[in-house]
There are 2 protein chains.
Amino acid sequence: MSEITRVPAGLYGVAVSETGISRSASDGSLVFRGYGIKDLFEKASFEECAFLILEGHLPTKGELDDFTSNLRAHWPLPTNVYQIIKAMPRDSHPMDVVRTAMSGLGANEHSLSPKEQQYSLVAKMPALVANCYRIVRGMEVMEPEEDMNFAWNLLYMLTGKRPDAFDAWAFERELILYLEHDLNASTFTVRVVASTLADVYAACTAGAAALKGPLHGGANEAAMQMLLEIGSPEKAAAYLQESLSKGRKVMGFGHRVYKKVDPRAQLSKGMLKTLLEHRHADDKLYRLADALEQAMWQAKRIPANLDFYAAPIFYTLSLPIETYTPIFAASRVTGWVAHYNEQLAENKLFRPDSIYTGPNDLSYVPIEKR
Amino acid sequence: MSEITRVPAGLYGVAVSETGISRSASDGSLVFRGYGIKDLFEKASFEECAFLILEGHLPTKGELDDFTSNLRAHWPLPTNVYQIIKAMPRDSHPMDVVRTAMSGLGANEHSLSPKEQQYSLVAKMPALVANCYRIVRGMEVMEPEEDMNFAWNLLYMLTGKRPDAFDAWAFERELILYLEHDLNASTFTVRVVASTLADVYAACTAGAAALKGPLHGGANEAAMQMLLEIGSPEKAAAYLQESLSKGRKVMGFGHRVYKKVDPRAQLSKGMLKTLLEHRHADDKLYRLADALEQAMWQAKRIPANLDFYAAPIFYTLSLPIETYTPIFAASRVTGWVAHYNEQLAENKLFRPDSIYTGPNDLSYVPIEKR
């Protein structure tokens, strides 16, 4: 028998592939294709960043125009995807609906080229995510507006109201942060499925399946529920103490990579403050989150993660809490597609080994003698 | 920064977990929970083997009765799953339909206990797989017969005819062979998704996504198409030579684990012979497969795998070729569920590392200056 290498559970610290798409590091840095996340967050559009993730470089004006009109051409959902969404039970988990709709979409598009399929999937995510929520909750279907961008349309269709430019801009910043994050569980799932040469819909459906798990997606929703439960900044420290003493999980903290600071959390924290100021709103939610973050750092030296500060931004933008993970999916599909392509460029089927720990040499005994 | 271990692409030779469910080895052995595959193939029922895979031991009479009636109670599909299947395009790939139906099923069953969910999913696969094929191809819905077993019902609903006992028994043997096979790509996908604490439907939907890939599922269908194309035993050697000289892939050969013999292929080969003899049918298909197998072994020392001999058995049983991968899925769901449970018993989120090979230190340049 050939040599078997044992590696830590969860593949922690195990490099399973090379990637040129993004790099997160324990020093609190995150780059997309070489660009620091702060630079992109402050200056770029979602469409520019999506192009960067997919194509490997920032687009020229001509490339961006082509990319944008290509996405727009693929915005509408096919009729049968609406029928699938309508067939979902009214009390469905939103990620079950999104995953099923993504899966069903794939059956429509096998005549497209692989590149068109990818653009179609990325482009359809706003209408898909928004209408998965709307239809299952008994609201009317909404269609994207043709001359508005990805972020504006997603916010528009989810809330049912035309957002103002500032809100759409703030939301777009958060979508940029969710775009891509190297080999998290969903992206790794996408690469494993891609390695079988399954199509991009199959691979991203599997990514959406992974995102349903509370240890991966779902943390932004849980963080918001927790902030609402705490209710005010003054109660944050006591809530934390009680949680720690009872062994209750505090949502939105800790990250596999970032041990001191999640750069996306810090950018979102600033955005939350800016957003509340712009609205001349009470900054209670900001002070509450800040108080909990500080108490957690003092008690456990665990930093807040992206979900912890994206959640109150989404909440301030009147987004329904149950749509936070689908929003994550809408943005992350772009990262998944980039990893899908990267996997195929130098593919080897994922087929790991395992250590067998079960019994051996048992013999079948007829049932009447057991 | 902590140490990063680099491992071979595709995790070849890398043990990512322990397992007590099955062990395949390069010497051509395969055990399920300690029982050799030949023993189970010759003596056990599908239901006994499914119980063994799921629960870790062969059932007593009482356990088997409970298990069987539990499966029967969960046989029917909910109405909305039929609606989802009906919403799929008529030219859908069968695995797209199966994956979408499995995904949609999950939204119905969140009120069941995790154990009931697992039984439900396993039990529903015959009706789900058969009706995904039937509905999309414009045939009427068929329901399982209550007092018949998993294999009989799957064969019955796929062919639309009540199979005789011998055919159902032969088909059941093949389903046993497809039940489980340690960490292949789909099962590994299931474990990665399980590690996020997503539910069993999400995890198995992702498994079905991986099974769509031609490097994983699909080989049985491709092998059958190839055998039909060759047409007669006399042409096998020439077909092989031409394929090898043109670099055309010969389907149904080679396996990551089995380098000399795939025990499942050999059992299936015997079954194909027995099945044709029982029917007093021409054994041309057997002789053709045998001739190709021998030519391939002489030329390349690559053994036939399970798919190569399961395909002509399915063909002889009048099963539509496009349903071979869904049949694989119907059986393998049991293995996926067992791995789902094993993953959760000692869970650690899969979060591998990667080696970043992209650029660094780039700065955003406004679009008009690019």
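Residues numbered from 1 in each chain as written. Chains lettered and ligands numbered in written order. Predicted model: local features only at pLDDT ≥ 70, side-chain atom pairs only at ≥ 80, totals over all residues. Heavy atoms only, no water.

1. Quick word on the sheet that holds strand β5 (residues 35-36) of chain A
All names here are of chain A.
Consideration 1: Strand order in the open sheet made by the three strands is β3-β4-β5, with antiparallel pairing throughout. Single-partner strands in this sheet number two, and they are β3 (22-25) and β5.
Consideration 2: Direction of pairing for strand β4 (residues 29-32) relative to β5: antiparallel, over a ladder of two bridges. Its bridge partner being in β5, phenylalanine 32 is matched across the sheet by tyrosine 35. (Pairing = 2+ DSSP bridges. Helix = DSSP H or I, 4+ residues; strand = E, 2+ residues; numbered from the N terminus.)

2. Let's talk about the interface of chain A and chain B
Consideration 1: Each partner contributes to the interface: chain A provides 103 residues, whereas chain B provides 103 residues.
Consideration 2: Among the residues chain A hides against chain B, the three largest losses belong to Arg351, Tyr356 and Tyr364 of chain A. Together they make up 10% of the total.
Consideration 3: There are ten salt bridges connecting chain A and chain B.
Consideration 4: Residues aspartate 182 of chain B and arginine 351 of chain A are paired through a salt bridge, measuring 2.9 Å at the closest nitrogen-oxygen approach.
Consideration 5: Our enumeration of links across chain A and chain B arrives at 68 residue pairs in polar contact (both at pLDDT 80 or more).
Consideration 6: Classifying every residue of the side of chain A that touches chain B by side-chain character gives 46 nonpolar, 36 polar and 21 charged.
Consideration 7: Inspection of the sheet shows strand β2 (residues 14-19) of chain A paired to strand β1 (residues 5-6) of chain B by two bridges, in the parallel sense. Paired with valine 14 of chain A across the strands is threonine 5 of chain B, a residue of β1 of chain B. (Contact = heavy atoms within 4.5 Å. Buried area = accessible area lost by both parts, 1.4 Å probe. Salt bridge = Lys/Arg side-chain N within 4 Å of Asp/Glu carboxyl O. Polar contact = N/O pair within 3.5 Å; in protein donor to acceptor, adjacent residues only side chain to side chain. Nonpolar A, V, L, I, M, F, W, Y, C, P; charged D, E, K, R; others polar.)

3. As for helix α12 (residues 236-246) of chain B
Residue and element names in this part refer to chain B.
Consideration 1: Burial in α12 covers these residues: Ala236, Tyr239, Leu240 and Ser243. An end-on view of α12 places all buried positions within 100° of arc, on one side of the element. With respect to the buried face of α12, the exposed residues turned more than 90 degrees away are Ala238, Ser245 and Lys246.
Consideration 2: The elements touched by buried residues of α12 are α11 (219-230) and α14 (284-300).
Consideration 3: Once α12 finishes, glycine 247 follows within two positions and takes phi at roughly 70°, a positive value. (Buried < 20%, exposed > 50% of the residue type's maximum accessible area, 1.4 Å probe, protein only. Arc of directions from axis to C-beta.)

4. Examining the relation of the copies chain A and chain B
Consideration 1: Overlay of chain A on chain B (RMSD 0.0 Å): rotation 180°, translation along the axis 0.0 Å. The transformation just described matches what one would write down for a two-fold rotation axis. When C-alpha distances to the rotation axis are compared across chain A, the minimum falls at alanine 206 of chain A, with a value of 2.1 Å.
Consideration 2: When the interface residues of chain A are mapped onto chain B, 100% of them again lie at the interface, so the same face is used by both copies. (Least-squares fit on C-alpha atoms with pLDDT ≥ 70 in both.)

5. Let's talk about the environment of threonine 196 of chain A
Consideration 1: Its place among the elements puts threonine 196 of chain A in the loop between α9 (185-194) and α10 (200-211).
Consideration 2: For the pair threonine 196 of chain A and glutamate 63 of chain A, spaced 133 residues apart in sequence, the C-alpha separation works out to 31 Å.
Consideration 3: Those residues in contact with threonine 196 of chain A that sit more than four places away from it in its chain are Leu349 of chain A together with Ala185, Ala210, Gly213, Pro214, Leu215 and His216 of chain B.
Consideration 4: Among the polar contacts listed, one links the side chain of threonine 196 of chain A to the backbone oxygen of alanine 210 of chain B, at a separation of 3.2 Å.

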